[in-house]
Amino acid sequence: MTVTRSPLVTPDELAGWVRDARQRTIDLVADLPDDRLMGPLLPIINPLIWEIGHMAWFQEKWVLRDVCGEPPIRPDGDALYDSSAVAHDTRWDLPLPSRAETLAYMRTVRDRVVDKLQHGAPSDLLLYHVIYSVFHEDMHTEAFTYTRQTLGYAPPRLAVEPPPRTAGGPCPGDAEIPGGTLMLGGAPEDPFVFDNEKWAHPVEVTPFRMARAAVTQAEFAAFVDEGGYRERRFWSDEGWKWRESEAAEHPVYWRPAGSGRWERRHFDRWAALEPHLPVIHVNWFEADAYCRWAGRRLPTEAEWEAAAATEPAPGGRGFAVRKRRYPWGNDTPGPRRVDMDWGVMGCVDVGALPDGDSAYGCRQMMGNVWEWTGTTFEAYPGFTPDPYKEYSEPWFGSRKVLRGGAWATRSRLIRTTWRNYFTPDRRDVFAGFRTCASPS
Ligand SMILES: [Fe+2]
């Protein structure tokens, strides 16, 4: 791997990110009593007390130990917190340090890393691994948030400035996306990319139509109400197997509320469906079944990236050579364009935030909900793993790609080439989807 000095952020700004990411971790669990910090053994979550310690361990291992050659802060750090070595189901039985000890360890690591950034000239390798550790923490802070949803805890209390209120409502209709050669993936001149984004390579995309917005709760309710969960023909073989094994009749956090109405659980509160919010917490099988019912399909990840990152070529044929880092261009994401960074502690209407539209008028391709694509997560041609080898390679072939980030994703983390991936049965992540179709 070649490590180049990242223009993404200065060492001083990066020190701010390190503090900010750690503080977000601490704030996301601060109100939980000790029994909730441990929580039940479920395959889709970690004990939160383990996971917050793992944040610090990961940063210590890569930055302080590997790059700086320092001895371990805790002799038991690897035995407790190495996610590659400590089997998931055993994490509830570990001799984990107390909350106070865990927090002290987390602060010690943070302070030493900040010190490395602010004193002396940090090497490119050091900067790379600090950035990596911040992004790793950003991914876990999103996971802490949906763990709280999974377990029915109250929404976290965060000191986040509320964004300006924006008009909402629906956002119906399709955008016409031209065909062309898409350079799918991250480019070497991008400031930071993960191994699974490397490198941009040509993919032919034929013209298609993509919904301007993600599928809403009202739209998904029509599928449920028309018996979509009971009709075998809408489901793939795997999807039907999953549906039967779970006896799934509707999205996981919905319940019937009488007179044909539905309620949805948002953390610890039940409320009537919000018709123009995107449907969220649906898995790939559910998204795929909805598409078949609607006579539509999921976009491939290349189609998604074409709709989010390209502009039409000047001559009107195909895509312009330059891709956009974000759907609206290259300006940094902010609350006028995206629902991210926990700004409203949930989703906004799919019609909100028109300033974030892509070149073709697709709305909210960043933020609000992750969007399932039809594509299985695979390596791009010429893939080689980066130093943290377990990030992508073990998961190729078994997961579906999601794109775009959700309301609890850090906006500093992602861009139009960013690939997320989960198994198709996961309903706990902040995922929805948008549909597409052949050209009219
Ligand atoms: Fe991790």
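Below, the structure is looked at part by part.

## As for the packing of aromatic side chains
Moving on, step 1. Counted according to the given criterion, the structure contains 43 aromatic pairs.
Moving on, step 2. Taking 4.8 Å as the distance between ring centres and 40 degrees as the angle between the ring planes, the aromatic pair formed by F377 and F396 counts as tilted. Taken as a pair, F377 in the loop between β8 (370-376) and β9 (400-403) and F396 in the loop between β8 and β9 lie far apart in primary sequence, 19 residues in all.
Moving on, step 3. Judged by centre distance (3.9 Å) and plane angle (5 degrees), the rings of F377 and Y421 are stacked. Of the two residues, F377 sits in the loop between β8 and β9 while Y421 sits in strand β10 (residues 420-422), which places them 44 residues apart along the sequence. Note on accessibility: F377 and Y421 belong to one class, buried.
Moving on, step 4. In this structure, R243 packs its charged tip against the face of W240, placed 4.4 Å from the ring centre.
Moving on, step 5. Lying across the ring of W270, R255 places its NZ or CZ 4.1 Å from the centre.

## Regarding the nonpolar core
Moving on, step 1. Counting 124 residues, the largest nonpolar core has F220 and F433 as its most contacted members.
Moving on, step 2. Those residues within four positions of F220 in sequence are excluded, and the remaining contacts are V215, Y229, P251, W254, V279, V282, E286, Y290 and F433.

## As for helix α7 (residues 217-225)
Moving on, step 1. Along α7, the positions that sit buried rather than exposed are Q217, F220, A221, F223 and V224. Down the axis of α7, the buried set is contained in an arc of 155 degrees. They therefore lie on one face.
Moving on, step 2. Once α7 finishes, G227 follows within two positions and takes phi at roughly 80 degrees, a positive value.

## A word on the sheet that holds strand β6 (residues 262-266)
Moving on, step 1. What the three strands build is an open sheet, ordered β5-β6-β7; its pairing is antiparallel. In this open sheet, the two edge strands, each paired with only one partner strand, are β5 (254-256) and β7 (269-272). Shown here is a sheet whose adjacent strand axes are inclined to one another by a mean of 35 degrees, direction ignored.
Moving on, step 2. In terms of strand pairing, β5 meets β6 through three bridges, oriented antiparallel. What sits directly across from P256, in β6, is W262.

## Remarks on helix α3 (residues 48-67)
Moving on, step 1. For α3, spanning 20 residues, the distance from its first C-alpha to its last is 27 Å, which sits close to the expected 28 Å at 1.5 Å a residue.
Moving on, step 2. At E60, α3 shows its strongest bend, of approximately 35 degrees.
Moving on, step 3. Judged by how many residues are buried, α3 sits mostly within the fold: 17 of 20 residues are covered.
Moving on, step 4. Two residues or fewer past α3, G69 is found with a positive phi of approximately 70 degrees.

## What about the pattern of salt bridges?
Moving on, step 1. According to the stated counting rule, one finds 36 salt bridges in the structure shown.
Moving on, step 2. Across the salt bridge formed by D20 and R410, the nearest N and O atoms sit 2.5 Å from each other. Within this pair, whereas D20 is found in helix α1 (residues 11-29), its partner R410 is found in the loop between β9 and β10, the two being separated by 390 residues in sequence.
Moving on, step 3. Judged by its relative accessible area of 8%, R410 falls in the buried class.
Moving on, step 4. With a closest N to O distance of 2.6 Å, K323 and E305 form a salt bridge. Highlighted residues: K323 in the loop between α10 (301-309) and β8 and E305 in helix α10, separated in sequence by 18 residues.
Moving on, step 5. Given the relative accessible area of 22%, K323 is considered partly exposed.
Moving on, step 6. The buried category is assigned to E305, whose relative accessible area is 0%.
Moving on, step 7. Overlapping salt bridges, with partners in common, bring together D20, D138, D341, R410 and R412 in one network.

## Overview of the coordination of the iron ion
Moving on, step 1. Note on the iron ion: its protein donors are H54 (NE2), H136 (NE2) and H140 (NE2). The metal-donor distances range over 2.2 Å.
Moving on, step 2. Counting the intervening residues between successive donors of the iron ion yields the motif H-x81-H-x3-H. Here the residue H54 occupies a position in helix α3, and H136 occupies one in helix α6 (residues 124-150), the gap between them amounting to 82 residues. For the pair H54 and H136, one class covers both residues: buried.

## Regarding the environment of R265
Moving on, step 1. By secondary structure assignment, the location of R265 is in strand β6.
Moving on, step 2. Between the alpha carbons of R265 and R255 there is a distance of 8.3 Å; along the sequence they are ten residues apart.
Moving on, step 3. Not counting chain neighbours up to four residues away, the residues in contact with R265 comprise Q149, T150, G152, Y253 and W270.
Moving on, step 4. Side-chain polar atoms of R265 contact the backbone oxygen of F267, separated by 2.6 Å.

## Re the environment of D341
Moving on, step 1. You can see D341 is positioned in the loop between α10 and β8.
Moving on, step 2. Dropping the residues within four chain positions of it, D341 is found in contact with R24, V160, W407, T409, R410 and S411.
Moving on, step 3. Within the local environment of D341, its side chain forms a polar contact with the side chain of R410, the two groups lying 3.5 Å apart.

Criteria and cut-off values
Residues numbered from 1 in each chain as written. Predicted model: local features only at pLDDT ≥ 70, side-chain atom pairs only at ≥ 80, totals over all residues. Heavy atoms only, no water. Phe/Tyr/Trp six-rings, centres within 6.5 Å; stacked < 30°, edge-to-face > 60°. Helix = DSSP H or I, 4+ residues; strand = E, 2+ residues; numbered from the N terminus. Buried < 20%, exposed > 50% of the residue type's maximum accessible area, 1.4 Å probe, protein only. Lys NZ or Arg CZ within 6 Å of the ring centre and 35° of its normal. Core = buried A, V, L, I, M, F, W, Y, C linked by side-chain atoms within 4.5 Å. Contact = heavy atoms within 4.5 Å. Arc of directions from axis to C-beta. Pairing = 2+ DSSP bridges. Axes fitted to C-alpha atoms, helices over the stretch in contact; angles between N-to-C directions. Expected span 1.5 Å × (residues − 1). Bend = angle between axes of the 7 residues up to and from the residue. Salt bridge = Lys/Arg side-chain N within 4 Å of Asp/Glu carboxyl O. Donors = N, O, S within 2.8 Å, 3.2 Å for Na, K, Ca; no water. Polar contact = N/O pair within 3.5 Å; in protein donor to acceptor, adjacent residues only side chain to side chain.

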